[in-house]
Amino acid sequence: MKLKEDQKVARLFLLKKNKMTEIVIRTPKKGDLEDAWKFYNKVIKETSFLSRLMPVKLVDEKKWLNDTIISNKKKKSINLFAVHDGKIVGSCDVHTNKNERMKHVGTFGICILQDYTRCGLGTKLTQTILGLAKKELKIKIAELSVYSNNLIAQRLYRKIGFVHAGKIPKGIRQGKKFVDNIIMYKVLK
Ligand SMILES: CC(C)(COP(=O)(O)OP(=O)(O)OC[C@H]1O[C@@H](n2cnc3c(N)ncnc32)[C@H](O)[C@@H]1OP(=O)(O)O)[C@@H](O)C(=O)NCCC(=O)NCCS
């Protein structure tokens, strides 16, 4: 199966602040530009654990979205958005390795708006994309890197079955300080 632009891959019902909330998980589309731009700039403001820094210009977001859609079509990556009431509230991706001998290894990343955390969305998004990455991208191992002080993300990853591979001491600069870069992986079964 080939994943298309704007393809719905899951429909979730999550209990958010005691309210049943419907979240659609789908692939990106060109029309997402403004919303994706707003989402990323909001999420970047909320957390200091992401690689992209403020401000992301609309022109850069446009290039990112176009490149992402092409890369998804070529089966080099999968990107998914979590959408509530037509607004993007979460995003995740798996990229295959450019090295021919490492094509079976995919790099995973995730971010969710603070208001939508703690209701299971991170778990569902991760499980959904890893299942798709195994089937569609034929990857056998998912890997990621996470700031040593991002304990919440590490808890999510361990819950999903990621294990520590090692760390690069002071491998990430966070403002004026340096933190360890923790490398984790999961064999996809
Ligand atoms: C990390 C992140 C994706 C987690 O998403 P989420 O939707 O809250 O995840 P879930 O609700 O599925 O929770 C998964 C697990 O994470 C842990 N967790 C989540 N939020 C937590 C919190 N505030 N305190 C402690 N543990 C927490 C728990 O172990 C939880 O499992 P449990 O509910 O069974 O106990 C989200 O917080 C986020 O996007 N953070 C900002 C960006 C970021 O750090 N990305 C990762 C970069 S490597």
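Residues numbered from 1 in each chain as written. Predicted model: local features only at pLDDT ≥ 70, side-chain atom pairs only at ≥ 80, totals over all residues. Heavy atoms only, no water.

Draft legend 1. Highlighting the packing of aromatic side chains. By the definition in use, this model includes six aromatic pairs. On the numbers, 5.1 Å between centres and 80 degrees between planes, the contact of Tyr-40 with Trp-64 is edge-to-face. Of the two residues, Tyr-40 is situated in helix α1 (residues 33-46) and Trp-64 in helix α2 (residues 58-73); the sequence distance between them amounts to 24 residues. Take Tyr-40: its relative accessible area is 7%, and that puts it in the buried class. The structure contains a cluster of three or more aromatic residues connected by ring pairs, namely Phe-39, Tyr-40 and Trp-64. Cation over ring: Lys-16 sits above Tyr-116, and NZ or CZ is 4.5 Å from the ring centre. (Phe/Tyr/Trp six-rings, centres within 6.5 Å; stacked < 30°, edge-to-face > 60°. Helix = DSSP H or I, 4+ residues; strand = E, 2+ residues; numbered from the N terminus. Buried < 20%, exposed > 50% of the residue type's maximum accessible area, 1.4 Å probe, protein only. Lys NZ or Arg CZ within 6 Å of the ring centre and 35° of its normal.)

Draft legend 2. Representation of the packing of helix α3 (residues 121-136) against helix α4 (residues 151-160). It is at 10 Å that the axes of α3 and α4 come closest, and there the two elements cross at 50 degrees. In terms of orientation, α3 lies oblique with respect to α4. The interaxial crossing formed by α3 with α4 has right-handed handedness. Two secondary-structure elements touch here, α3 through Gly-122, Thr-123, Thr-126, Gln-127 and Leu-130 and α4 through Leu-156, Lys-159 and Ile-160. Along the lines of polarity and charge, the residues of the contact of α3 with α4 split into three nonpolar, four polar and one charged. (Axes fitted to C-alpha atoms, helices over the stretch in contact; angles between N-to-C directions. Parallel < 35°, antiparallel > 145°, perpendicular 65-115°, else oblique. Left-handed = near helix turned anticlockwise from the far one by under 90°. Contact = heavy atoms within 4.5 Å. Nonpolar A, V, L, I, M, F, W, Y, C, P; charged D, E, K, R; others polar.)

Draft legend 3. Region of the structure containing empty space enclosed by the protein. On inspection of all chains with the given rule, the structure shows two cavities of 30 Å³ or more. Approximately 90 Å³ is the volume attributed to the largest cavity. Taken together, Leu-3, Lys-4, Glu-5, Thr-27, Pro-28, Ile-69, Asn-72, Lys-73, Ser-77, Ile-78 and Asn-79 make up the lining of the largest cavity. Mapped by element, the contributors of at least two residues to the lining of the largest cavity are α2 and β3 (77-84). Looking at side-chain class alone, the lining of the largest cavity contains four nonpolar, four polar and three charged residues. In this model, the second largest cavity occupies a volume close to 40 Å³. What lines the second largest cavity is simply Lys-2, Leu-3, Asn-72, Lys-75, Ser-77, Ile-78, Glu-136 and Leu-137. (1 Å grid on protein atoms, 1.4 Å probe; cavity = no way out; pocket = protein on both sides within 12 Å on 5 of 7 lines; lining within 4 Å. Points joined across faces, edges and corners; volume = space filled by probe spheres on them.)

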